[in-house]
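# Structural features, examined
What follows is the residue order along each chain.
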Protein chains: 2
Amino acid sequence: MTIIVDAFGGDNAPLEVLKGCAEAVQKFDVDILLTGKADTIKKVAAENNISPERMTIEDCDEVLTMHDTAESVLKAKKNSSMGVGFRMLNEGRGDAFLSAGNSGALCMGATLLVRRIKGIKRPAFAPVLPSSTGCFMLLDGGANVDCRPEMLRQFAVMASVYMEKVMKVDKPRIGLANVGTEDHKGTELYRETYALLRDSQLNFVGNIEGRDIPKGVCDAVVCDGFTGNMILKTYEGVASVLMKEIKNIFTGSMKGKMAAALVMKDLKVMKNRFDYNTYGGAPILGASKPVFKVHGNAKAITVVNAIGLCKDYVAAKAIDVISASLK
Amino acid sequence: MTIIVDAFGGDNAPLEVLKGCAEAVQKFDVDILLTGKADTIKKVAAENNISPERMTIEDCDEVLTMHDTAESVLKAKKNSSMGVGFRMLNEGRGDAFLSAGNSGALCMGATLLVRRIKGIKRPAFAPVLPSSTGCFMLLDGGANVDCRPEMLRQFAVMASVYMEKVMKVDKPRIGLANVGTEDHKGTELYRETYALLRDSQLNFVGNIEGRDIPKGVCDAVVCDGFTGNMILKTYEGVASVLMKEIKNIFTGSMKGKMAAALVMKDLKVMKNRFDYNTYGGAPILGASKPVFKVHGNAKAITVVNAIGLCKDYVAAKAIDVISASLK
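Attention in this report is confined to the structure presented alongside it. In this text, all values refer to a predicted model and were calculated from it rather than measured experimentally. (Residues numbered from 1 in each chain as written. Chains lettered and ligands numbered in written order. Predicted model: local features only at pLDDT ≥ 70, side-chain atom pairs only at ≥ 80, totals over all residues. Heavy atoms only, no water.)

### Some thoughts on the overall build of chain A
- Along its length, chain A carries 11 helices and 12 strands.
- Seen along its three principal axes, the alpha-carbon backbone of chain A occupies a region of about 60 × 60 × 35 Å.
- Across the 327 residues that make up chain A, the buried fraction comes to 57%.
- Here the analysis covers contacts within chain A between residues at least 6 apart in sequence; of these, 70% occur between residues at least 24 apart.
- In the structure as shown, chain A presents an accessible area of about 13,400 Å², 49% of it carried by carbon and sulfur atoms.
- Considering chain A, the positive charge centre built from 42 side chains and the negative charge centre built from 37 side chains are found 1 Å apart. (Helix = DSSP H or I, 4+ residues; strand = E, 2+ residues; numbered from the N terminus. Buried < 20%, exposed > 50% of the residue type's maximum accessible area, 1.4 Å probe, protein only. Contact = heavy atoms within 4.5 Å. Areas by Shrake-Rupley, 256 points an atom, 1.4 Å probe, with all protein chains shown as cover. Lys, Arg positive; Asp, Glu negative; His and termini not counted. Charge placed at Lys NZ, Arg CZ, Asp CG, Glu CD.)

### Re the pairing of strand 3 (residues 55–59) of chain B
Residue and element names in this part refer to chain B.
- Across five bridges, strand 2 (residues 31–36) lies against strand 3 in parallel orientation. Bridging from a neighbouring strand, threonine 35 pairs with glutamate 58 of strand 3.
- Since strand 2 and strand 3 lie parallel, the crossover through helix 2 (residues 38–47) that links them has a hand, and here it is right-handed. (Pairing = 2+ DSSP bridges. Right-handed = clockwise from strand over helix to strand, strands pointing away.)

### Re the pairing of strand 11 (residues 282–285) of chain A
Residue and element names in this part refer to chain A.
- Side-chain alternation along strand 11 places Ala282 and Ile284 on one buried face and Pro283 and Leu285 on a second face that is also buried.
- Where strand 5 (residues 124–125) and strand 11 come together, two bridges link them in antiparallel fashion. When the sheet's bridge partners are listed, phenylalanine 125 is paired in strand 11 with isoleucine 284.
- By the bridge criterion, two bridges tie strand 11 to strand 12 (residues 291–293) in an arrangement that is antiparallel. Each residue of the ladder has a partner; that of proline 283, found in strand 12, is phenylalanine 292.
- In sequence, strand 11 turns back onto strand 12 through a hairpin of five residues, with glycine 286 there showing a positive phi of about 115°.

### Digging into the relation of the copies chain B and chain A
- It takes a turn of 180° to lay chain B on chain A, together with a shift of 0.0 Å along the axis; the resulting RMSD is 0.0 Å. A rotation of that kind, with that shift, is consistent with a two-fold axis. Residues of chain B ranked by C-alpha distance from the rotation axis are headed by alanine 259 of chain B, positioned 2.1 Å from it.
- Same-surface contact between copies: 100% of interface residues of chain B are shared with the interface of chain A. (Least-squares fit on C-alpha atoms with pLDDT ≥ 70 in both.)

### Here we look at the interface of chain B and chain A
- Listed per partner, the contact involves 47 residues of chain B and 47 residues of chain A.
- Taken together, both faces of the contact between chain B and chain A bury some 4,300 Å²; the carbon and sulfur share is 77%.
- Applying the counting rule to chain B against chain A returns four salt bridges.
- Put simply, arginine 211 of chain B and glutamate 236 of chain A hold a salt bridge, and the shortest N to O gap is 3.5 Å.
- For the pair chain B and chain A, the number of links is six residue pairs in polar contact (both at pLDDT 80 or more).
- Those elements that place two or more of their residues in the side of chain B that touches chain A are helix 7 (225–251) and helix 8 (254–273) of chain B.
- With 20 residues, helix 7 of chain B is the single largest residue contributor to the side of chain B that touches chain A. (Buried area = accessible area lost by both parts, 1.4 Å probe. Salt bridge = Lys/Arg side-chain N within 4 Å of Asp/Glu carboxyl O. Polar contact = N/O pair within 3.5 Å; in protein donor to acceptor, adjacent residues only side chain to side chain.)

### Let's talk about helix 7 (residues 225–251) of chain A
Residue and element names in this part refer to chain A.
- Across its 27 residues, helix 7 extends 38 Å between first and last C-alpha, which sits within 8% of the 39 Å expected from 1.5 Å per residue.
- Judged by how many residues are buried, helix 7 sits mostly within the fold: 22 of 27 residues are covered.
- Measuring from the backbone nitrogen of phenylalanine 226 back to the side-chain oxygen at the start of helix 7 gives 3.0 Å, which picks out aspartate 224 as the cap. (Expected span 1.5 Å × (residues − 1).)

### So, the sheet that holds strand 1 (residues 2–6) of chain A
Residues and elements named next belong to chain A.
- Strand order in the open sheet made by the seven strands is 3-2-1-4-12-11-5, with mixed pairing throughout. On the outer flanks of this sheet lie strand 3 (55–59) and strand 5, each paired with one strand and no other.
- Pairing geometry for strand 1 and strand 2 (residues 31–36), over five bridges, is parallel. Within strand 2, the position partnered with isoleucine 4 by the bridge is leucine 33.
- Along the sheet face, helix 3 (residues 81–90) touches strand 1, strand 2, strand 3, strand 4 (96–99) and strand 12 and points at about 170° away from the line of strand 4.
- On the sheet, helix 4 (residues 103–112) packs against strand 4, strand 5, strand 11 and strand 12 and is oriented at approximately 170° with respect to strand 12. (Axes fitted to C-alpha atoms, helices over the stretch in contact; angles between N-to-C directions.)

### Some details on the packing of helix 8 (residues 254–273) of chain A against helix 8 of chain B
- Look at helix 8 of chain A against helix 8 of chain B: their axes get within 8 Å of each other, and the N-to-C directions meet at 165°. In this view, helix 8 of chain A runs roughly antiparallel relative to helix 8 of chain B, as classed from their interaxial angle. The hand of the helix 8 of chain A/helix 8 of chain B crossing is left-handed. Contacts between helix 8 of chain A and helix 8 of chain B involve Lys255, Gly256, Met258, Ala259, Leu262 and Val263 of chain A on the former and, on the latter, Lys255, Gly256, Met258, Ala259, Leu262 and Val263 of chain B.
- Residues belonging to the contact of helix 8 of chain A with helix 8 of chain B are distributed by class as follows: eight nonpolar, two polar and two charged. (Parallel < 35°, antiparallel > 145°, perpendicular 65-115°, else oblique. Left-handed = near helix turned anticlockwise from the far one by under 90°. Nonpolar A, V, L, I, M, F, W, Y, C, P; charged D, E, K, R; others polar.)

### Some details on the packing of aromatic side chains
- Across all of its chains, the model carries 15 aromatic pairs over all chains by this definition.
- The interplanar angle of 80° and the centroid separation of 5.3 Å between the aromatic rings of tyrosine 194 of chain A and phenylalanine 204 of chain A together place this pair among those described as edge-to-face. Of the two residues, tyrosine 194 of chain A is situated in helix 6 (residues 188–198) and phenylalanine 204 of chain A in strand 9 (residues 203–208); the sequence distance between them amounts to 10 residues.
- Seen from their ring centres, phenylalanine 250 of chain A and phenylalanine 250 of chain B are 6.1 Å apart, and the 15° between their planes marks the pair as stacked. Linking phenylalanine 250 of chain A in helix 7 with phenylalanine 250 of chain B in helix 7, this pair reaches from one chain into another. Each member of the pair phenylalanine 250 of chain A and phenylalanine 250 of chain B is classed as buried.
- Through pairs of rings, three or more aromatic residues link up here, namely Tyr162, Phe292 and Tyr313 of chain A. (Phe/Tyr/Trp six-rings, centres within 6.5 Å; stacked < 30°, edge-to-face > 60°.)

### Structural notes on a positive patch on the surface
Residues and elements named next belong to chain A.
- On the surface, Arg115, Arg116, Lys121, Arg122 and Arg148 cluster together into a positively charged patch.
- Within the secondary structure, lysine 121 is located in the loop between helix 4 and strand 5.
- The class of lysine 121 is partly exposed, set by a relative accessible area of 36%. (Patch = residues over 30% accessible without salt bridge, like charges linked within 9 Å, V, L, I, M, F, W, Y side chains within 5 Å.)

Here it is, written out as structure tokens:
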């Protein structure tokens, strides 16, 4: 199996991306096709003793940055490391494509370059987040700010397949993000979606309020991309601010440092559990070939985990299962 | 000044409400008019040595619970402690009304029993939340799931007045919740609202992404009530889950308990900063008389703080200022 990786996506590229790829080759027995400036990739790899074993490079000069528009992947930046990654995927040069670059451009490319699974109205950006009992998928995380009920129903179907086939959850519990648990709550979009999910074959557990989302009461939370993006980033923001406050307590005084020494191990476990790096990649569900987004701040470990998810997604033939589930 | 207080609103009523009222009488030099079952109030006060000084009771038998519909405050439960509170406010028997009861019913009553400030399209539920640098107002927190741009503009005007007059913030920075910072981001509602706010006299600082909300980058975050409710409760949920994890670390082992002893003071300061009880009440902005919501889980200290906010809101003639700002 070959995973195509955008060597120049994200804040820590190419070094952390290369480190992650080298480790993934060993850990998951996969080949890597890197896209990006070959000279720089070779130089950084050599300087950091990163083995090029089972890694090939598709050379391209340009990089699509966070400041580029989403549309630029289609034309102006089609020869960037991201644009070339999509081309490699379409040409069958690899089984999945992974990038830590511009999310908007990646969703745009997944939709218009890779194209959708037949019958899927819109692909969704589908990150997996930590909860107090494990993890859950949140979708759409921001690919579609305007949604219709049928789109949300499809998101739920795709999330159910992903959580079952890739995350190995039995009968994934699907929740609908909403402002209250009663079926009449929310906007028209949410009331109509509630009815669609209730009448579906899915394991629908009803409306989920924001305060219950982090408690792990379901395996996937479905919502429109505007709401999902606000939840996702608020989630990340609150966790990050609180972790920083805790760090300040433990580094701000001698007493704090002594306390830190006593509970360091437990604190690290907790920090790792609530760190997005642990969960790695987010699939763009609905694209007709596997496309994964890695967090822009991703370190090597995140890239490793994300490549593992790509492998599981390909091996489970998740796209075929989604396709069959739509009928 | 007299503050009307629903003695039977919230999970900890009437005891915590009565405790808070008694303390507020001393602290803020206000009179309290309690609504609810007089017998129970007198009994609970006597059993807990709560002084009835400067507190009068408007007797009523019924209680509007969390299971009642929002509409019930208008007819079926108009003689509940909440319904009677609204009547007292309308009859001029007090200067502000405070309840820890059913939010939906309180917003409904504020809109249809107290009525709106002339020119205000819809009142907004406007809680104040902690951030890493202080606090900020989030509105609408859930009173209106469907909003139009003009409503969001009015929310921004009201928040600016509140943060300036009650919270004493100079030139409050107003942000628009959105999925990106660029002016073309979000749904049509958000793009149109962006233009209205940009062209207003407000200190508009642009779109605010979820991850920046907890960092205190603005003094008020404006959004529709569906989005606001999801942000509000996710915020609360993530903070609560993380605080519980920390508590587990410090109580789960002997080492943890030793560490806790060292940093207990700092941890308490942090816990208090991120505890909604610290910020007390949330005004229902746009109602023609002061109506405040207290969190359903509120303890006495929250009731005290909220009564302080009611007093400041009345003293600042915030409603007159809002009314003048609309012209």
